[in-house]
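# Observations on the three-dimensional arrangement
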Amino acid sequence: MANETTLTLVGNLTADPELRYTPAGAALCKFTIASTPRTFDKATSEWKDGDPLFMNCSAWREMAENIAESLHKGSRVVVTGRLKLNRWKTPEGENRQAMQLDVEEVGPSLRYATAQVKKLTRTGGGAPAAAGEANPWESNSNDEPPF
């Protein structure tokens, strides 16, 4: 969509990602990132922590499953997504609202860590399979495609 607010955030996961499935079978992963700015105070020659930002994030489908399998509490991540305002009423009738990040891309921050990337390939049903596993859609012969 046009004029959506996109945001890139670097921070740490506050807890292990929560993976759930909708009744239709779509995976949904929810997690929270804490991002705290640091500034150098020249007067005291010390680093000072600013006010932390806690951002609720959600990701869908294969990315949701990959996040739940790969990231854990304390993991430093780089996340890009669309900022969204959620509004709801409490059972007592009070109006509430909260910002959320609909994740488009996520990865581990490699500033203070290393990561081993394992490329996944798609299988016939749309679900990813680990690289090196048999893929029924690939063929080494010159035969016509199966469709």
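Preceding this section is the structure that the text describes.
My aim in this report is to walk through the structure given alongside it, one point at a time. Just so you know, these numbers come straight off a predicted model, no measurement behind them.

Right, let's get into the overall build of the protein chain. Within the protein chain, the regular secondary structure consists of 1 helix and 10 strands. Reading the protein chain from its N end, one meets helices and strands in the order β-β-β-β-β-β-α-β-β-β-β. Expressed as a percentage of its 147 residues, the buried residues of the protein chain come to 22%. Looking at the protein chain alone, contacts between residues at least 24 apart form 54% of all its contacts between residues at least 6 apart.

In this structure, E46 sits in strand β5 (residues 46-49). Judged by relative accessible area, which is 44%, E46 ranks as partly exposed. Setting aside chain neighbours within four positions, we find E46 in contact with T39, F40 and D41.

This brings us to the side chain of S109. Relative to the assigned elements, S109 resides in the loop between β8 (95-108) and β9 (120-122). Judged by its relative accessible area of 10%, S109 is buried. Within the structure, the side chain of S109 is placed 3.4 Å from the backbone nitrogen of R111, a separation counted as a polar contact. The residues contacting S109, other than those within four sequence positions of it, are R76, V77 and V78.

On to unusual backbone geometry, then. A positive phi angle is found at S45, which is not glycine, with a value near 55 degrees. As for its position among the elements, S45 is in the loop between β4 (38-41) and β5. S45 gets classed as exposed once you look at its relative accessible area, which sits at 51%. Positive phi, close to 55 degrees, is recorded for R61, a residue that is not glycine. Its place among the elements puts R61 in helix α1 (residues 61-70).

Parameters and conventions
Residue numbers here run from 1 along each chain, matching the order of that chain's written sequence. Given that the model is predicted, a residue must reach a pLDDT of at least 70 before its local features are reported, and side-chain atom pairs must reach 80 or more before they are shown or counted; all residues, however, enter totals for whole chains, interfaces and linings. Side-chain metrics in this entry use all non-hydrogen atoms of the structure; hydrogen atoms and water are not considered. Under the scheme used here, helices are H or I runs from DSSP no shorter than 4 residues and strands are E runs no shorter than 2 residues, and both carry numbers assigned from the N terminus. For each residue, the accessible area found with a 1.4 Å probe, counting protein chains only, is set against the maximum for its type, and the residue is called buried under 20%, exposed over 50%, and partly exposed in between. Here a residue-residue contact requires only that any non-hydrogen atoms of the pair lie within 4.5 Å. We define a polar contact as two N or O atoms separated by no more than 3.5 Å, with the added condition that, inside protein, one atom must be a possible hydrogen donor and the other a possible acceptor, whereas residues neighbouring each other in sequence contribute only through side-chain atom pairs.

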